[in-house]
Amino acid sequence: MATNFAKLNLCYGIPLAPLLTATLEKGKEWIDLLNLSGFVLDADSGWIPQIAPLKQGGLYADSPIADGATLIAGQVDNVEETITLISSGATLSTRTALMSQLHNYARLAREYWTLFSQIDPIYLEWEALGAPGAQYALIYSIDIAEQDDPFSNTSASLASRIVLTIKREPYWRGIPPGSNPLVWTFYTRGEEPVTDYTFNNMSLAAAATTHLVKDTAVDNAVRYTGTVTAFTRKNWIDIPANFIPGDAPALVCLTVDDLGGNVTADSVWLGVSVGEITGEGTLSERKRFASVTVQDSDPETDAVITVDTGAASGNRIDTSFATTITMVTRARWLGGGSSGATNIPLNLNAGIYAIFARTRQTGGAVNTITFRVRISQDTNGRPSLTSVISNTATAEILGTTGASAAWNIDYLGTVQIPLDRNAAVDVNGRGINSNGEWQVEFQAARSSGAGVLYFSDLIFIPFDRAMCQYLAGGVTGNALFIDNTGYFGHGRNDVAYCGDGANPRELRGSNGLVLWPKQDNRIYAIATNATAGQSDAVATGGTIALNIVPRWSGVRDV
Amino acid sequence: MITWLNLYQKPRLGNGYLFRYPAYRYKHKISAMGGFDTASCELALNLAQAEAVLEQWIGNRVAFYMDNAVEPIWEGLVSRITYTFGAAEFTSSLDQLANKTRVIFSQRNVALTTQITTAVEDTASQAIYGIKEFTFDSGATDNTNVDVTNKTAKARMELALRAYPRASTRIRSGGGGGMGLVRIECVGIYKTLEWETYSINAAGPTGVVGASTAITRILSTSGAIGERIRNQATFFDNADVTQVVTNAATNWPIDNAGGKTVWQAIQSITEPGDSTSAAAGVRWVAGVMPTDPNLGTRRFYYRPAVSTIGYIVRLRDGTGYVRNTLGAVVPPQWVRPDIGVRMVDALVGWFGNTVDDPREFYLNTVEYDADKQSVSMSSEDDISIEGAFQLAKFSKAQGTRFGSPTRQTI
């Protein structure tokens, strides 16, 4: 069994950055479990790495009057496995010293999770023979059972059998727990520590030059240039499939800077979408729906398109309420077929979204204009019975015409697309339908006065995979981190870190973001300011940078 | 998916964010009448953290988040904390806290009269927790000697004992038991309306007003003390009455008799709905809305109940799924009351046009269990303990085991 392993260590502490000497970090220590003069795996029953099972076998929707049962929740559990070692020593005192070290690691493993002051993780380091590298798993507990008489002093008993029962995290990581995720990024580039990078090259700040993926042109809006593949403004960052190895969701250390014009943003929402759908005809690229702008819209009752360089698409829709003040459709977008600039078929937008609208009111009194969105499918250009209506928000009086900063973003609720299923299948027998139609209607009403509603765009943030919000507190010029790799947690990632490195910030929603392996991922972002009178700007030039820690259920393949 | 507990300051002290923890064994209850009702969870904390929680978290605002980072699945106040450490169980609670106390009693002077002492208050406690009142009923006496002095002393004693949360301990025989997890129990914001007494003094106004007018008078930022809430802008934005729908069909007598809490007054206003003495109307509901993501405030709602069908359930789904009318699954943490529910695969072919359709019901309360990923939905036929005790009703049915005592007539 031991011949299948190139490396098996029980480790304590996080490895230091290359050539780093002036540090408060303890560094990494370890017990070699393949040491013929110390601990070695039992050749007969040493260790077979286990795969994480479903917790309690999974949670099922079950009824005695229906056949079968449906899985409704399936999270994986910690792995519990045994490692049988042979401990050897020239003398009894040598062997007992080895055992004491093992007992010490077992205690440290428990205390890492139960004592505030024990901050260095205990973890397994394992490299299979022929694997591309080592892999690591945090340990929660180690129970030790001696199989032979520990006090015997005869030469035959100086090699005794010990069984470790280890509870570890479900997946193996590509780098040690608590390590800077840039270690993985350098590895993907074929760069070696010391020779190619040192501790001086390992900053996670947005301004740093090395990241797995970095985009300095993440805007707080979307602007198409005539086709769905060309943008002059976008509010996302793409992570290609080949950047995300493994077979379990990859942990992410994300940095966001200047999104929404960092001066005023106090909330940033981030959502992950996944997948690539190849449709018929010319649509060969995954397009997860990001925004509905004034482009390709049809203004309706009391609504006209007006040039506004400060709006997301360079145009806005003005609703005067001249003839109708009740809640009726003021603008409509059709998302059908494979032609048109922003007409995107239903299935390419499949997902669950939080909807935000960017508007402002000019003139009139406060709290007199309200608006909402209605989403329908299979419309063929007509209103459909299959529709959902969002919550209603109230317009805010802001700013001046032409100012990109004079807008307010409101949350309108959530929507699932398609409305009834997770895939709209074609009635003509062609499977998932690339031509399924849907439409979005922007509706508004005015209760009194003479206010005019300006509309810029709708923003859709997906949250069927992962979504989080951090409250930036209007920090100027400082990048903020959301990290669930464990770097900022010194190994612990049960609670993701959110802050600027010195000051924590509130995080809501999921435990940071994860990326899905072997698939194209896209992270959408939108920044807002909740304070009345503050603008949610159509700002440009924000930065999102990220590094990951890939994970595997078994032996790593990269 | 994990449920997350986000902890904030006590509302009287501010709205600042403090900590975030994964919440285990999470459950919540949401009611059409009231809104977010109760919630509970357990936190895995070390000993030092658990002691800090026991000492500092009572009365803090919490919000629980899951998949949607914009809206919490539940929010309210921490009302009880229990920490089990071996055989010892330590509990701290908001339940018995009172920083404003009175005693009501009856005394035969010339004729039997009911009196109430002047309230005594601990303003330092109120500055932390908000105003929480207790009125103690000291019964009746035939003694013609002045008793108000004694009753006021009693009120002052209760204030001294109750002005701050008190911890209690319990040692269980046999030892062992749970270890390490801290249990957090929370109540919804609307429960703070049970903290105040409505219009206890005879100096208050009288008269009859429309039901919605009565509601807005209770929420008012000015007016007779006792008629309007005193925890102004503390737990919700009482100045924002945009969610109070006009109900002029039903009147309500402004009542300056003692004994009701503000919430009981709201219940008594709401229970008639928009019925008149001549015809039954529709039911109405009231409560406190969740924090509006756009406004950052919570508002009071008073409106007709939603009578349309919004959810579909199927017997063959077991307790796993609730669906919307389009057939899409509604995640159990997002199932909300005040809506109609239809069971679609039971009593197929029912055609009792003179009898209420048993497959459809109005959803009064929802109870969610995160570990089981299931919801329990209750209608008027509520078989839970709270339904048996008629806890959600102001006017309780006489003659039932747990209803209002039989009233004697002379």
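Treat the numbers as computed from the prediction; the structure is a model and nothing was measured.

Enquirer: Looking at this structure, how should I read the overall build of chain A?
Expert: The helix and strand inventory of chain A stands at two helices and 35 strands. Within chain A, the fraction of its 558 residues that count as buried is 55%. When the accessible surface of chain A is totalled, it reaches about 21,700 Å², and 52% of it is carbon and sulfur.

Enquirer: Can you walk me through the sheet that holds strand 14 (residues 236–239) of chain A in this structure?
Expert: In a beta sheet, neighbouring strands pair by backbone hydrogen bonds and run either parallel or antiparallel. All names here are of chain A. Sheet architecture is open: five strands sit in the order 14-34-16-29-32, paired in antiparallel fashion. The sheet terminates laterally at strand 14 and strand 32 (507–509), the two strands that pair on one side only. Averaged over all neighbouring strand pairs, the angle between strand axes comes to 20 degrees, with direction disregarded. The sheet contact formed by strand 14 and strand 34 (residues 521–528) spans four bridges and is antiparallel.

Enquirer: Which parts of the structure should I look at to understand unusual backbone geometry?
Expert: Comment: phi is negative for the bulk of residues other than glycine, and the bulk of peptide bonds are trans. All names here are of chain A. A cis amide bond, omega -5 degrees, links Ile417 with the succeeding residue Pro418. Here Pro418 lies in the loop between strand 26 (408–417) and strand 27 (438–446). A positive phi angle is found at Asn367, which is not glycine, with a value near 60 degrees. When you line up the elements, Asn367 lands in the loop between strand 22 (351–362) and strand 23 (369–377).

Enquirer: Quick question: what am I supposed to make of the sheet that holds strand 21 (residues 360–362) of chain B here?
Expert: All names here are of chain B. Spatially, the five strands line up as an open sheet ordered 19-18-17-20-21, and their pairing is mixed. A strand with exactly one partner marks an edge of an open sheet, and here the two such strands are strand 19 (329–330) and strand 21. As judged from the four bridges shared by strand 17 (residues 309–313) and strand 20 (residues 340–343), these two strands associate in the parallel manner. Of the residues in strand 20, the one forming a bridge with Tyr311 is Val341.

Enquirer: Which parts of the structure should I look at to understand the confidence of the model for chain B?
Expert: Note: predicted coordinates in regions of low pLDDT should not be interpreted at a detailed level. All names here are of chain B. On average, chain B scores 85 in pLDDT, and the residues at 70 or more come to 84%. Averaged pLDDT values for the elements of chain B fall to 64 in helix 6 (residues 385–388) and rise to 97 in strand 4 (residues 61–65). Predicted complex, confidence summary: ipTM 0.87, pTM 0.90.

Enquirer: Is there a simple way to think about the interface of chain A and chain B in this case?
Expert: Accessible area lost upon the coming together of the parts is a frequently used measure of interface size. In this complex, chain A contributes 41 residues to the contact, which on the side of chain B involves 31 residues. In total, about 2,700 Å² of surface goes out of reach between chain A and chain B, with carbon and sulfur atoms giving 57% of it. On the chain A side of the contact with chain B, A:Tyr411, A:Glu506 and A:Gly509 bury the most area, a combined 20% of that side's loss. For the pair chain A and chain B, the number of links is zero salt bridges. At the boundary of chain A and chain B, one finds eleven residue pairs in polar contact (both at pLDDT 80 or more). Counting residues per element, the ones that place at least two in the side of chain A that touches chain B are strand 4 (59–62), strand 5 (69–73), strand 24 (387–389), strand 26, strand 29 (466–471) and strand 32 of chain A. Here the side of chain A that touches chain B takes six residues from strand 26 of chain A, the largest share from any one element. Each residue belonging to the side of chain A that touches chain B can be placed in one class, and the counts come to 21 nonpolar, 13 polar and seven charged.

Enquirer: When you look at the packing of helix 4 (residues 211–219) of chain B against helix 5 (residues 262–270) of chain B in this model, what are you seeing that I'm missing?
Expert: For any two helices packed against each other, one specifies the inter-axial angle together with the distance between the axes. All names here are of chain B. Orientation of helix 4 relative to helix 5, taken along the N-to-C sense of each, is 165 degrees, at an axis distance of 10 Å. It follows from the interaxial angle that helix 4 and helix 5 lie roughly antiparallel. In the crossing of helix 4 with helix 5, the sense of the turn from one axis to the other is left-handed. Contacts from Ala211, Ala214, Ile215 and Ile218 of helix 4 reach helix 5 at Val262, Ala265, Ile266 and Ile269. Looking at the contact of helix 4 with helix 5 residue by residue, the class counts come to eight nonpolar, no polar and no charged.

Enquirer: I tried to follow the side chain of A:Ser510 on my own but got confused; where do I start?
Expert: Relative to the assigned elements, A:Ser510 resides in the loop between strand 32 and strand 33 (514–515). In terms of polar contacts, A:Ser510 uses its side chain to reach the backbone carbonyl oxygen of A:Gly512, at 2.8 Å. Beyond its immediate stretch of four places on either side in the chain, A:Ser510 contacts A:Ala466, A:Met467, A:Cys468, B:Trp4, B:Arg20 and B:Met66.

Enquirer: For this particular structure, what's the right way to read the pairing of strand 8 (residues 135–146) of chain A?
Expert: Residues in a regular strand project their side chains so that they alternate between the two faces of the sheet. All names here are of chain A. Note: strand 7 (residues 122–128) against strand 8, four bridges, orientation antiparallel. For Glu125, the partnering residue across the bridge sits in strand 8 and is Tyr136. From the end of strand 7 to the start of strand 8, which pair antiparallel, there are six residues, and Gly130 there has a positive phi angle of about 85 degrees. Both strand 8 and strand 9 (residues 159–168) contribute to a ladder of seven bridges, which runs antiparallel. Considered in strand 9, the bridge of Ala145 is made with Val163.

Enquirer: Whenever I open this one, the pairing of strand 3 (residues 34–44) of chain B confuses me. Can you help?
Expert: Residues and elements named next belong to chain B. Counting buried positions over the eleven residues of strand 3 gives nine, a clear majority of the element. Looking at chain direction, strand 2 (residues 17–31) and strand 3 are connected through six bridges and run antiparallel. Residue His28 lies in a different strand from strand 3, and its bridge partner there is Ala39. Here strand 2 folds back onto strand 3 in antiparallel fashion, the turn holding two residues.

Enquirer: I tried to follow the packing of aromatic side chains on my own but got confused; where do I start?
Expert: Where two aromatic rings form a pair, the distance of their centres and the angle of their planes describe that pair. Scanning all chains against the criterion turns up 36 aromatic pairs over all chains. Between A:Trp126 and A:Trp172, the ring centres sit 5.0 Å apart and the planes meet at 55 degrees, which makes this aromatic pair tilted. In this pair, A:Trp126 sits in strand 7 while A:Trp172 sits in strand 10 (residues 172–173), placing the two residues 46 residues apart along the sequence. Where A:Tyr487 meets A:Phe488, the ring centres are 5.1 Å apart and the plane angle is 80 degrees; that geometry is what we call edge-to-face. The cationic tip of B:Lys151 hangs over the ring face of B:Phe105; the distance from NZ or CZ to the ring centre is 5.7 Å.

Enquirer: What am I meant to see in the environment of B:Gln373 here?
Expert: All names here are of chain B. Topologically, Gln373 is positioned in the loop between strand 22 (365–369) and strand 23 (374–378). The spatial distance from the C-alpha of Gln373 to the C-alpha of Pro332 is 6.3 Å, given a sequence separation of 41 residues. At 2.9 Å, the side chain of Gln373 and the side chain of Tyr368 are in polar contact. Within the structure, the side chain of Gln373 is placed 3.1 Å from the backbone oxygen of Ala370, a separation counted as a polar contact.

Enquirer: Help me out: how do you make sense of helix 1 (residues 47–56) of chain B in this one?
Expert: Given 3.6 residues per helical turn, the α-helix brings residues three or four places apart onto the same face. All names here are of chain B. The set of residues buried in helix 1 consists of Ala50, Val53 and Leu54. Axial view of helix 1: buried residues confined to an arc of 95 degrees, hence all on one face. Turned more than 90 degrees away from the buried face of helix 1 sit Ala48 and Glu55, all of them exposed.

Enquirer: It is not clear to me how the pattern of salt bridges should be interpreted in this structure. Could you clarify?
Expert: Throughout the structure, instances matching the rule amount to 38 salt bridges over all chains. In this structure, B:Arg61 engages B:Glu75 in a salt bridge whose closest nitrogen and oxygen atoms are separated by 3.1 Å. Here B:Arg61, found in strand 4, pairs with B:Glu75, found in strand 5 (residues 74–85); they are 14 residues apart in sequence, far enough to count as distant. Of the two residues, B:Arg61 and B:Glu75, both sit in the buried class. The closest approach of N and O atoms between B:Asp338 and B:Arg303, which form a salt bridge, is 3.3 Å. In this pair, B:Asp338 is assigned in the loop between strand 19 and strand 20 and B:Arg303 in strand 16 (residues 300–304), connecting sequence segments 35 residues apart. Taking the relative accessible area as the measure of exposure, B:Asp338 reaches 8% and is therefore buried. One salt-bridge network, held together by shared partners, links A:Lys7, A:Lys28, A:Glu125 and A:Glu127.

Parameters and conventions
Residues numbered from 1 in each chain as written. Chains lettered and ligands numbered in written order. Predicted model: local features only at pLDDT ≥ 70, side-chain atom pairs only at ≥ 80, totals over all residues. Heavy atoms only, no water. Helix = DSSP H or I, 4+ residues; strand = E, 2+ residues; numbered from the N terminus. Buried < 20%, exposed > 50% of the residue type's maximum accessible area, 1.4 Å probe, protein only. Areas by Shrake-Rupley, 256 points an atom, 1.4 Å probe, with all protein chains shown as cover. Pairing = 2+ DSSP bridges. Axes fitted to C-alpha atoms, helices over the stretch in contact; angles between N-to-C directions. pLDDT = per-residue confidence, 0-100. Contact = heavy atoms within 4.5 Å. Buried area = accessible area lost by both parts, 1.4 Å probe. Salt bridge = Lys/Arg side-chain N within 4 Å of Asp/Glu carboxyl O. Polar contact = N/O pair within 3.5 Å; in protein donor to acceptor, adjacent residues only side chain to side chain. Nonpolar A, V, L, I, M, F, W, Y, C, P; charged D, E, K, R; others polar. Parallel < 35°, antiparallel > 145°, perpendicular 65-115°, else oblique. Left-handed = near helix turned anticlockwise from the far one by under 90°. Phe/Tyr/Trp six-rings, centres within 6.5 Å; stacked < 30°, edge-to-face > 60°. Lys NZ or Arg CZ within 6 Å of the ring centre and 35° of its normal. Arc of directions from axis to C-beta.

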